[in-house]
Amino acid sequence: MAHTLAQARAWNATLKTARPELTALFVGGTSGIGRSTAIKLAGSIAKPTIYIVGRNEKAGAQILEEMKAANNNGSYSLIPADVSDLRKVDTVCQDLKSKVKALDLLFLSTGGITFSKQETDAKIDVNHILRYYSRMRFVYNLLPTLEAANSPRVVSILAGGKEINIEEDNLDLQKEFSFSASNGYPTSMTSLAFDTLASEHPSVSFLHVFPGIVATPLMNKTIGSVLGTIVGFLAKPISISMADSGEWQTRLSTSTDFPSKQDSTDASAVGYYMLNHDGKDSTNKALMEELREKGFPAIVWKHTLATFDRICA
Ligand SMILES: NC(=O)c1ccc[n+]([C@@H]2O[C@H](COP(=O)([O-])OP(=O)(O)OC[C@H]3O[C@@H](n4cnc5c(N)ncnc54)[C@H](OP(=O)(O)O)[C@@H]3O)[C@@H](O)[C@H]2O)c1
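Residues numbered from 1 in each chain as written. Predicted model: local features only at pLDDT ≥ 70, side-chain atom pairs only at ≥ 80, totals over all residues. Heavy atoms only, no water.

The chain is annotated in an unreviewed UniProt entry as Short-chain dehydrogenases/reductase of Penicillium atrosanguineum.

Given below as structure tokens:
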């Protein structure tokens, strides 16, 4: 259900009593949307346990301080890692599993915008890995830890509702790489993977979120600080501040409006959601139906598992 910002803030203010404890992992928590949500969540829960993953240790240390300043009763840790390598994802997950018995929230926001292909050793564009495979590897590895929590949730910040038609022989963007494909493929693949995962793991709720245009460092990182500042200035009238994004995403990460398949009172519930930042359903029903009819949820997940085997075996 769509909320106003005031309603999102009011919901977040209830969390201190409604959810006094919560354990979360933010992959991509050292900047932007992950960072602002981690800090807002830290201040909203009475006793939060928050882990953040990213490469930038200096930024990470600063965010740990900001979370402490928001709430001194929480436990905050940085796990520095480059998660464009799926084997590093496995190491991070093993480390986390040794410390956390039940994970309430897995918040995924790694990656950025790509204009040209940059292949890793795995022969896949680095941003495609960060926005899809690496995130799904976290989900895959941490499903038992999520399932040990009472109402676990996975949130992937990308472009829910902006799926495109995809081709089975281009899932790794080897046949065609364009700006549109590099954005559209991970978007479609995330929604299709969540279709499969939500049905196989009915106690977990899966949210694929389009966060709006958020004023994060993303644009400066992509096109340089001069151009990025100009674009940021021009986009200001339509952009969401980092602080407000933290409010929106904290609400989506904790709201009871998006229950798992198992927890839903609606018999037709599927347990996964494509949403705008305000919680409005953004599902492209016709396209998702077409992709489902062509068998893409199973095709994408089978390909994902095969890619995991190829890289991590
Ligand atoms: N901002 C927007 O308006 C907007 C709109 C739609 C969709 N999105 C999507 O939302 C996601 C988050 O965007 P944002 O604006 O928050 O971006 P951001 O500020 O650049 O944050 C990206 C995060 O990803 C992490 N990251 C990047 N490469 C990594 C790697 N190899 N290993 C580990 N962590 C890595 C960064 O940490 P380190 O640098 O510390 O590694 C950082 O924490 C992106 O996928 C973006 O495409 C954003």
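## Considerations on the sheet that holds strand β5 (residues 153-157)
Put simply, the rule reads: The pairing criterion for strands is at least two bridges between them, as found by DSSP. In this description a helix means any DSSP run of H or I spanning at least four residues, a strand means any run of E spanning at least two, and both kinds are numbered starting from the N terminus. To obtain an axis, a line is fitted to C-alpha atoms, over the contacting stretch when the element is a helix, and the angle between two such axes runs from 0 to 180 degrees between their N-to-C directions. Any two residues whose heavy atoms approach within 4.5 Å are treated as being in contact.
One open sheet accounts for seven strands, arranged β3-β2-β1-β4-β5-β6-β7; its pairing is parallel. Only two strands of the sheet have a single neighbouring strand rather than two, namely β3 (75-80) and β7 (272-276). In this sheet, neighbouring strand axes are inclined to one another by 15 degrees on average, regardless of whether the strands run parallel or antiparallel. The pairing of strand β1 (residues 21-27) with strand β4 (residues 105-108) spans four bridges and is classified as parallel. Across the sheet, residue Leu25 finds its bridge partner in β4, namely Leu106. Running over the sheet, helix α3 (residues 57-70) touches β2 (47-54) and β3 and is turned about 170 degrees from β3.

## Let's talk about the site of the ligand
Counted only if it meets this: Think of it this way: one heavy atom of a residue within 4 Å of a molecule or strand is enough to make that residue near it. Pairing of N or O atoms within 3.5 Å defines a polar contact, subject to two protein rules: one partner must be a possible hydrogen donor and the other a possible acceptor, and residues neighboring in sequence count only if both atoms are side-chain atoms. Every accessible area reported is derived by Shrake-Rupley at a probe size of 1.4 Å, with residue values counting cover from the shown protein chains alone. Side-chain classes are defined by residue name, with Ala, Val, Leu, Ile, Met, Phe, Trp, Tyr, Cys and Pro counting as nonpolar, Asp, Glu, Lys and Arg as charged, and the others, Gly among them, as polar.
Taken together, 31 residues lie near the ligand, and Thr30, Ser31, Arg55, Thr216 and Lys221 sit nearest. Within the backbone of Ile33, a nitrogen or oxygen atom sits 2.8 Å from an oxygen atom of the ligand. Thr110 places a main-chain nitrogen or oxygen 3.1 Å from an oxygen atom of the ligand. The protein chains hide 92% of the 890 Å² of surface that the ligand would expose on its own. Those elements that place two or more of their residues in the shell around the ligand are α2 (32-44), α5 (126-147) and α7 (218-223). Tallying contributions element by element places α5 first for the shell around the ligand, with three residues. When grouped by side-chain class, the residues that make up the shell around the ligand number 12 nonpolar, 14 polar and five charged.

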